Amino acid sequence: MGALRSDRVAHAALASAVALLAGALVVRMGELAALLTMSVLGLGVVLLVVRLCRDPSGDDEAHARLVRWSVAAFLAHLIFGLLVVKSSALTNYLGPDALTYHAFARAIVGHWTEGTAMPRLVGGKEGFFYLLAGIYWVFGAHMAGAMACNAALGACLVPLATDTTRRLFGPFAARYAAPLMVLLPGLFLWSSQLLKEAPVLALLALAANCAVRIGERVTFGATVTLVTAVALLLSFRGPVGLVVGAGLVCGIVLGRKELVSGLGTALVMLGLMAGFVVVGGVGESGYQSSVTSNLAEASVTRQNLALAAESGFGADKDTSTSGRALAYLPIGLFSITLGPFPWQGGSARQFASLPDVVVWWWLLPVLWRGYVESRRRIGRRAMAVVLPALTTWTLLALVISNYGLVSRERVQVVVLIAPLLALGLASRAEGDTIDAAGVA
């Protein structure tokens, strides 16, 4: 069995190397070749993640269902993403940030290959620029090719969320995780464009999955993968990486049956994180920018964002001290949890988030039902996903100040609480089945 597994790993590594070499050779053939090569490579990664997340009980039907949802997610993300990047009107309407990422990534490649000036990047936000630059350096500066990478990352949410839900709440609840990751409007919209949401969400789902695995049994692979995911998050979205890392570590400690063993695991993880960040330099700029910023700077940034947008809120609220931040927190939590309301859109662009808001309101009772049921079924183990979701929720409540960003940023919380949503839906379905049987 070990030899067979080694052969499969070797074959996968060889296939990846061949794909990269093929991509490098066909760069000059243009965008279509880059798109096809990246699509094949991306789909291969999705199927690999599906295999790694397979139910060890050997349920072939569940595995086939997971493959179908994952492949469908990849194709849906890719097709929609290509429609957006190929339409300047759609790009400007849905996600004009994509043009900035594309331009900066090209500038980085120019610095690498021609010695031109290196663009100035903000610490804790440079990760996606370097990801795009790496793709452009190998396959050419084609947005379509990069979109295939994002489509693969978005599709990886399906097996990761399914496996996390199954490990926490069983196979029946896990059936609902895949549809959630594909059909939720906001999740699909923001992860299907050439934006940093796709890698950020994939890293969040990966970190949560590893935290749950560690809660079952501490392994070297899960620990290193979780630490790597958090370190990379620090380079994509520094503040989120910091609070999620803290929430995951605390969740693992509280979720263990024996707190002493949990504390030991936490110390090991913190040591590895320090090694990655300080020694390896992965996420160091994001960590430094996050820990050196203070409430006064965050308050100014939040107020500026509120004033700069037609859909801004809380521009007159000062959160420059801990007391004022705590006083504002209920307002921020209310806005980030329930907003935007229909009359708070501010511009025609915000209508794109309306379906997400409607579905989110419908899911809030489901979330509460899932949380209550999770506490009944597994007790403190649920903290592995609850605490990082709460820390992220609190951060967003303090820094988001316009409804144009609420839907986009809230999907980070949705990915973390996906197992609770799936459990809530499964619990309701089980209740309906019982009621129907009773009536019959």
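Residues numbered from 1 in each chain as written. Predicted model: local features only at pLDDT ≥ 70, side-chain atom pairs only at ≥ 80, totals over all residues. Heavy atoms only, no water.

A short note on the overall build of the protein
Helices and strands together make up the secondary structure of the protein, namely 21 helices and zero strands. Taken over 440 residues, the protein has a buried fraction of 50%. Counted over contacts in the protein with a minimum sequence separation of 6, partners at least 24 positions apart contribute 75%. Accessible area of the protein: about 19800 Å², with a carbon and sulfur share of 68%. (Helix = DSSP H or I, 4+ residues; strand = E, 2+ residues; numbered from the N terminus. Buried < 20%, exposed > 50% of the residue type's maximum accessible area, 1.4 Å probe, protein only. Contact = heavy atoms within 4.5 Å. Areas by Shrake-Rupley, 256 points an atom, 1.4 Å probe, with all protein chains shown as cover.)

Thoughts on the pattern of salt bridges
Tallied over the entire structure, the rule returns 15 salt bridges. Here Asp97 ties to Arg408 by a salt bridge, and the two come within 3.1 Å at their closest N and O atoms. Linking Asp97 in helix H5 (residues 97-114) with Arg408 in helix H21 (residues 403-439), this pair joins segments that are 311 residues apart in sequence. On the basis of relative accessibility, which here comes to 32%, the residue Asp97 falls in the partly exposed class. Each of Asp55, Asp163, Arg166, Arg167, Arg213 and Glu216 takes part in a single network of salt bridges with overlapping partners. (Salt bridge = Lys/Arg side-chain N within 4 Å of Asp/Glu carboxyl O.)

A word on the packing of aromatic side chains
Per the counting criterion, the structure on display carries eight aromatic pairs. Each ring, one from Phe104 and one from Phe129, has its centre 5.3 Å from the other, and the planes form 40°; the classification is tilted. Here Phe104, found in helix H5, pairs with Phe129, found in helix H6 (residues 127-139); they are 25 residues apart in sequence, far enough to count as distant. Take Phe129: its relative accessible area is 9%, and that puts it in the buried class. Plain terms: the ring middles of Phe172 and Tyr176 are 5.8 Å apart, the flat faces sit at 75° to each other, and that makes the pair edge-to-face. What links up through ring pairs into an aromatic cluster is the set Tyr101, Phe104, Phe128 and Phe129. (Phe/Tyr/Trp six-rings, centres within 6.5 Å; stacked < 30°, edge-to-face > 60°.)

Some remarks on the side chain of Thr91
One can find Thr91 in helix H4 (residues 88-94). Overall, the relative accessible area of 4% leaves Thr91 in the buried class. Residues in contact with Thr91, not counting those within four places in the same chain, are Val84, Val85, Pro96, Ala98 and Leu99.

Examining the confidence of the model for the protein
Atom-level detail of predicted coordinates should not be read off regions where pLDDT is low. Taken over all residues, the pLDDT of the protein has a mean of 83, while the share at 70 or more is 77%. Mean pLDDT across the elements of the protein bottoms out in helix H1 (residues 2-25) (53) and peaks in helix H8 (residues 157-169) (97). Across residues 433-440, confidence stays below pLDDT 50; counting only partners more than four residues off in sequence or on other chains, it has zero contacts. (pLDDT = per-residue confidence, 0-100.)

Section: the packing of helix H12 (residues 197-216) against helix H13 (residues 220-236)
Pairs of packed helices are described in terms of their axes, by the angle between the two and the distance that separates them. Orientation of H12 relative to H13, taken along the N-to-C sense of each, is 150°, at an axis distance of 9 Å. Here H13 runs roughly antiparallel to H12, going by the angle between their axes. Note that H12 runs across H13; the crossing there is left-handed. Residue-level contacts link Pro199, Val200, Leu203, Leu204, Leu206, Ala207, Cys210, Ala211, Arg213 and Ile214 of H12 to Ala222, Thr223, Thr225, Leu226, Ala229, Leu232, Leu233 and Phe236 of H13. A per-class count over the contact of H12 with H13 returns 15 nonpolar, two polar and one charged. (Axes fitted to C-alpha atoms, helices over the stretch in contact; angles between N-to-C directions. Parallel < 35°, antiparallel > 145°, perpendicular 65-115°, else oblique. Left-handed = near helix turned anticlockwise from the far one by under 90°. Nonpolar A, V, L, I, M, F, W, Y, C, P; charged D, E, K, R; others polar.)

Looking at a nonpolar patch on the surface
On the surface, a cluster of nonpolar side chains totalling about 370 Å² of accessible area is made up of Leu75, Ile79, Leu83 and Leu90. Sort the elements by how many residues they give to the nonpolar patch and helix H3 (residues 60-85) lands first, with three residues. Judged by its relative accessible area of 35%, Leu90 falls in the partly exposed class. (Patch = residues over 30% accessible without salt bridge, like charges linked within 9 Å, V, L, I, M, F, W, Y side chains within 5 Å.)

Points about the environment of His63
Mapped onto the elements of the fold, His63 is located in helix H3. We classify His63 as buried; its relative accessible area is 18%. In sequence terms His63 and Val50 are 13 residues apart; their C-alpha atoms lie 8.2 Å from each other. Sequence-distant contacts of His63, defined by excluding residues within four places in its chain, comprise Val50 and Arg54.

Regarding the nonpolar core
In terms of nonpolar packing, the biggest core is built from 119 residues, with Tyr136, Leu204 and Leu226 touching the most fellow members. For this core, the leading source of residues is H21, giving 14 residues. Apart from residues no more than four positions distant in its own chain, Leu204 is found in contact with Leu233, Val240, Val244, Gln412, Val415 and Leu416. (Core = buried A, V, L, I, M, F, W, Y, C linked by side-chain atoms within 4.5 Å.)

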